[in-house]
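Each chain is listed here by its residues.
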Amino acid sequence: MNDIELIRDSDADKPEELMWQGKFIAAKRRGRWEYAARARGIRAAAIIAIDEDTNGTRYAIFVSQYRVPMGRFCLEVTAGLVGDDEGAEGEAAIDAAARELEEETGYRAGHLEELGEFYSSPGMVSESFTLLRATGLTKVGPGGGTESENINIHRVALSQVPDFVADWRAAGHAVDVRIALFMNYLGEDQT
């Protein structure tokens, strides 16, 4: 790694302790570190979805829903768990992304591209997510998620995303960190 010396934490080789586990979340400890993890090895997929109309105008597809841990609505890219259903433990991230995109937004992707694996809060949570970009979208259903999710869909012109996010924040709502990834993508390609 180009002359970078990596120093391992003194707790890295200590045994991992399971402090508590629910259906989806586990609290763990390794040495002095306490952290949350997904139960049963479940991972997540997050989708940057770009739609385009017949005039060539491009749109971001975001979702929002009330998030109990924050006590408010949160603007997010489409995301979901990989392999969380019984019998789907070996599900590929790209398959989960396609399923979640259609379920949450009503759009089907003509093309899904994996952009890599990322960690959203590595000092507190061990969960990773595979980030994907969805293009060639076709509206095939209403979206909104499963019966208990109550997901709202937002189709925002790429040129309006920074203002949309600022207005969302000004209204007192939360913004998922993956929106920052999306806005960085916008800085590279706004056409």
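Located above this text is the structure these notes cover.
What comes next concerns the included structure. Residue indices begin from 1 for each chain and proceed along its sequence in written order. This being a predicted model, a pLDDT of at least 70 is required before a residue's local features are given, and a value of 80 or more before pairs of side-chain atoms are given or counted; all residues contribute to the totals for chains, interfaces and linings. The side-chain quantities take in all heavy atoms of the structure and omit both hydrogens and water.

What about the overall build of the protein?
Working step 1: Runs of H or I in DSSP of at least four residues are treated as helices and runs of E of at least two as strands, each being numbered from the N terminus. Scanning the protein from terminus to terminus reveals 3 helices and 12 strands.
Working step 2: By its C-alpha atoms, the protein is 60 × 45 × 35 Å across when sized along the principal axes.
Working step 3: Buried means the residue's accessible area, taken with a 1.4 Å probe over protein chains only, is under 20% of the maximum for its type, while exposed means over 50%, and partly exposed covers the values in between. In the protein, which comprises 191 residues, the proportion classed as buried is 37%.
Working step 4: Nonlocal contacts in the protein, meaning residues at least 24 apart in sequence, comprise 58% of its contacts between residues at least 6 apart.
Working step 5: In the form shown here, the protein has an accessible surface area of approximately 11,100 Å², with 50% of it arising from carbon and sulfur atoms. Residues are treated as being in contact if the distance between any of their heavy atoms lies within 4.5 Å. Accessibility throughout is a Shrake-Rupley quantity obtained with a 1.4 Å probe, and a residue counts as covered only by protein chains that appear here.

Considering the packing of aromatic side chains
For any pair of aromatic rings, the description consists of the separation of the ring centres together with the inter-plane angle of the planes.
Working step 1: Aromatic contacts are taken between Phe, Tyr and Trp rings whose centres are within 6.5 Å, Trp giving its six-membered ring; a plane angle under 30 degrees counts as stacked, one over 60 as edge-to-face, and the others as tilted. The tally for this structure, following the rule as stated, stands at 4 aromatic pairs.
Working step 2: Ring centres of Tyr66 and Phe73 lie 5.6 Å apart, and the angle between their planes is 80 degrees; this geometry places the pair in the edge-to-face category.
Working step 3: What makes Phe73 partly exposed here is its relative accessible area of 32%.
Working step 4: Two conditions define a charge located above a ring, namely a distance within 6 Å from the ring centre to NZ of Lys or CZ of Arg, and an angle within 35 degrees of the ring normal. A cation over an aromatic ring shows up here: Arg155 above the ring of Tyr59, its NZ or CZ 3.7 Å from the ring centre.
Working step 5: Over the ring of Phe129 we find Arg178, and its NZ or CZ is 4.8 Å from the ring centre.

Considerations on the nonpolar core
Working step 1: Working definition of a nonpolar core: buried Ala, Val, Leu, Ile, Met, Phe, Trp, Tyr and Cys residues. They are joined through side-chain atoms within 4.5 Å. Residues Phe62, Val161 and Phe182 are the most contacted members of the largest nonpolar core, which totals 22 residues.
Working step 2: Elements represented by at least two residues in this core include exactly strand 4 (43-52), strand 5 (58-67), strand 6 (72-82), strand 9 (128-135), helix 2 (161-170) and helix 3 (178-188).
Working step 3: If we skip the residues at most four places from it in the chain, Val161 touches Ala60, Phe62, Val156, Phe182, Met183 and Leu186.
Working step 4: With 14 residues, the next largest nonpolar core counts Ile61, Val82, Ala93 and Leu101 among its residues.

Here's the deal with unusual backbone geometry
Working step 1: In this structure, Asn150 is a non-glycine residue whose phi angle is positive, near 55 degrees.
Working step 2: In this structure, Asn150 sits in the loop between strand 10 (138-139) and strand 11 (152-157).
Working step 3: Residue classification places Asn150 among the exposed positions, given a relative accessible area of 56%.

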